[in-house]
Structures are given as structure tokens and as C-alpha cells.
Amino acid sequence: MSKHIISLIENAPLASLTPSDLTTIRRHTDDCVDCRRAFEAAQISVLLLRERAAETFEPSPFFHTRVLATLRERQSAGGQWAWSKVWRAAGALASSMVLTVAALAALTFIPGRQTISGPQDMTSLNSYSAEEVLLGQGEALNGQVSEAQILTTLYGAEDEAAR
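Overview of the structure.

Analysis parameters
- The numbering scheme is per chain: residues are counted from 1 as the chain's sequence reads.
- Selection of residues for local features in this predicted model requires a pLDDT of at least 70, selection of side-chain atom pairs for listing and counting requires 80 or more, and totals for whole chains, interfaces and linings are taken over all residues.
- The side-chain numbers reported here are obtained from all heavy atoms of the structure, hydrogens and water having been left aside.
- For helices the rule is a DSSP run of H or I covering at least 4 residues; for strands it is a run of E covering at least 2, with both sets numbered from the N terminus onward.
- In what follows, a contact means two residues having at least one pair of non-hydrogen atoms within 4.5 Å.
- As used in this record, nonpolar core signifies buried Ala, Val, Leu, Ile, Met, Phe, Trp, Tyr and Cys residues forming a set joined through side-chain atoms within 4.5 Å.
- Exposed residues in this analysis have more than 50% of their type's maximum accessible area, buried residues have under 20%, and partly exposed residues fall in between, with area computed by a 1.4 Å probe over protein chains only.
- Helices are assigned an expected span. That span is 1.5 Å times one less than the residue count.
- Any carboxyl oxygen of Asp or Glu within 4 Å of a side-chain nitrogen of Lys or Arg constitutes a salt bridge here.
- For patches, a residue must show more than 30% relative accessible area and have no salt bridge; joins then use 9 Å for like charges and 5 Å for nonpolar side chains, namely Val, Leu, Ile, Met, Phe, Trp and Tyr.
- Per-residue accessibility takes into account occlusion by the displayed protein chains alone, with areas from the Shrake-Rupley method and a 1.4 Å probe.

Right, let's talk about the environment of Ala42 for a bit. One can find Ala42 in helix α3 (residues 33-54). Those residues in contact with Ala42, other than ones at most four positions away along the chain, are Ile9 and Leu14.

On to the nonpolar core, then. In this structure, Ile5, Ile9, Leu14, Leu17, Ile25, Cys32, Cys35, Phe39 and Ala42 together form the largest nonpolar core, which totals 9 residues. No other element matches the 3 residues that α3 contributes to this core. If we skip the residues at most four places from it in the chain, Leu17 touches Leu8, Ala12, Leu22 and Ile25.

Between its terminal C-alpha atoms helix α4 (residues 63-76) stretches 20 Å, which fits the 20 Å expected from 14 residues at 1.5 Å a residue. Within α4, only 0 of the 14 residues are buried, which leaves the element largely exposed.

It is worth spelling out the pattern of salt bridges at this point. By the definition in use, this model includes 1 salt bridge. Between Arg52 and Glu55 there is a salt bridge; the shortest N-O distance is 2.9 Å. Residue class for Glu55 comes out exposed when judged on its relative accessible area of 51%.

Nonpolar side chains collect at one region of the surface, where Ile150, Leu151, Leu154 and Tyr155 lie side by side and expose about 400 Å² of accessible area between them. Checked against the element boundaries, Tyr155 lands in helix α8 (residues 147-162). By relative accessible area, Tyr155 is classed as partly exposed at 42%.

Have a look at this one:
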């Protein structure tokens, strides 16, 4: 046979080979030394895997003791360790928040120069009143606006458009 069986061995597990495939492999391995070595290696690897899978792994008798001792050591030193880890992670954020609060408190509670102390000073800064701007009458109003002036200002455009 000129066809080698290595691809047949590599593509399927030995346990799933059909009896006709096994017959073909055995006939070919009688003539081909390379394929015989590959088939024997596959058989040996299957046996080794089965034996290894059948073994149960038992940890050493002191494994549980060592693990529990290490866990106790970490828990006893854990209180200080946990807070230092948290502070390292959030220290910069907490510090910047404290500085921001302190700056805002300083700007809010420390008296500084104030140019405007109340509403009476605001009116002295603004020389125009709302009536002056809306009615365009200047100082002739003396704080008194008649209803006719207000109605004319509000509805005057509508009355003139209706005429």
C-alpha cells in the first residue's frame, strides 16, 4: 500500500476507529516501519492517558493544615492591611475632595470686598427703569403709569392693525 495511515491515526482517537480501519492499519504496519512506529506510539499514549486518568490525586497530609495556617495569618493582619489598601486606592480622590470643600468653604465664609451690598445699590447702578424702557417716557412718569399707557403699549399695535 502506498497510502500511509498516519493521517488516519491522527484524525481520530484509537478507541473510535472502526474494525475495518484497524484491519487497514494492521495490514499497512506489516509493510511500513514508519507507520508501525506511529501506531505503536499512539497505542502507548492511549494506555498512558488511561492510567493517568485512573489515578486519584491525594494532597499531602499536611496540606489542609498549611492552608488554614496561612489563612489565619492573613486574617489576623487583615484589618490594617485592608485599610491601607483602600487608602492607596482612594487616597488621591479623597484628598482632592477635601481640598475642594475647604476651598469652597473659604470662598463662602470669608468676607471679601463687595461692590454691591443690596438691591438699593443695584437700582442706582442702572439708570433706566422698566417703565422707561417699555414706555419710552423718561423721567416724566414720576413712578406713575396710567392704565391707558399700559394698554396702549401692550395692545396698541393690534388696534392700529385693525383700523
